[in-house]
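# Notes for the structure review
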Amino acid sequence: MDRAKHLNLADAAVRRAENLAGDAERYAGGNDYLHKVAPFAAAGALWADIARAHAAVAAALTTTETER
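Presented here is an overview of the structure given in this document. All values reported here derive from a predicted model rather than from experimental measurement. (Residues numbered from 1 in each chain as written. Predicted model: local features only at pLDDT ≥ 70, side-chain atom pairs only at ≥ 80, totals over all residues. Heavy atoms only, no water.)

## What about the overall build of the chain?
A count of helical and extended segments in the chain gives 2 helices and 0 strands. By the compact-globule yardstick of 11 Å for 68 residues, the chain is too spread out, its C-alpha radius of gyration being 16 Å. The principal-axis extents of the C-alpha atoms in the chain amount to approximately 50 × 15 × 10 Å. Counting all 68 residues of the chain, 18% fall into the buried class. (Helix = DSSP H or I, 4+ residues; strand = E, 2+ residues; numbered from the N terminus. Rg over C-alpha atoms; globule rule 2.2 N^0.38 Å. Buried < 20%, exposed > 50% of the residue type's maximum accessible area, 1.4 Å probe, protein only.)

## Overview of the pattern of salt bridges
Taken as a whole, this structure holds 3 salt bridges when the rule is applied. A salt bridge links D11 to R15; the nearest nitrogen and oxygen atoms lie 2.9 Å apart. Of the two residues, D11 and R15 are both situated in helix α1 (residues 3–28); the distance of 4 residues between them amounts to about one turn of the helix. According to the relative accessible area criterion, D11 is partly exposed, its value standing at 42%. Overall, the relative accessible area of 44% leaves R15 in the partly exposed class. Salt-bridge contacts for D49 lead to R52; the nearest nitrogen and oxygen are separated by 2.4 Å. Of this pair, D49 and R52 both sit in helix α2 (residues 37–60), separated by 3 residues, roughly a single helical turn. (Salt bridge = Lys/Arg side-chain N within 4 Å of Asp/Glu carboxyl O.)

## Section: α1
Residue pairs three or four apart in sequence face the same way in an α-helix, which turns once every 3.6 residues. For α1, spanning 26 residues, the distance from its first C-alpha to its last is 37 Å, which sits close to the expected 38 Å at 1.5 Å a residue. Against the buried residues of α1 lie α2. (Expected span 1.5 Å × (residues − 1). Contact = heavy atoms within 4.5 Å.)

## What to know about α2
When the terminal C-alpha atoms of α2 are compared, their 35 Å separation across 24 residues agrees well with the 34 Å that a helix rising 1.5 Å per residue should span. Taken residue by residue, α2 has G44, A51, H54 and A58 as its buried positions.

## Considerations on the packing of aromatic side chains
Enumeration according to the criterion identifies 2 aromatic pairs in this entry. Ring centres 5.6 Å apart and planes at 50 degrees place the aromatic pair Y27 and Y33 in the tilted group. Overall, Y33 belongs to the partly exposed group, its relative accessible area being 41%. Where Y27 meets F40, the ring centres are 5.2 Å apart and the plane angle is 45 degrees; that geometry is what we call tilted. Of this pair, Y27 sits in helix α1 while F40 sits in helix α2; the two residues are 13 residues apart in sequence, bridging distant segments of the chain. (Phe/Tyr/Trp six-rings, centres within 6.5 Å; stacked < 30°, edge-to-face > 60°.)

Below, the structure is given as structure tokens:
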């Protein structure tokens, strides 16, 4: 994978993390759905980790490195 692909994957993962964090926040606002907060927050944290991993790989690649 080249640098651009890793950056695109990082961006997509950030969006997933943001959406899941929003869901967790929404569920935290009501007592009826508190059991859903931790799973949504954990999934959001996982996607944030994936985004960081792709961003780190992209940072390590040069802009001229091509896909192999």
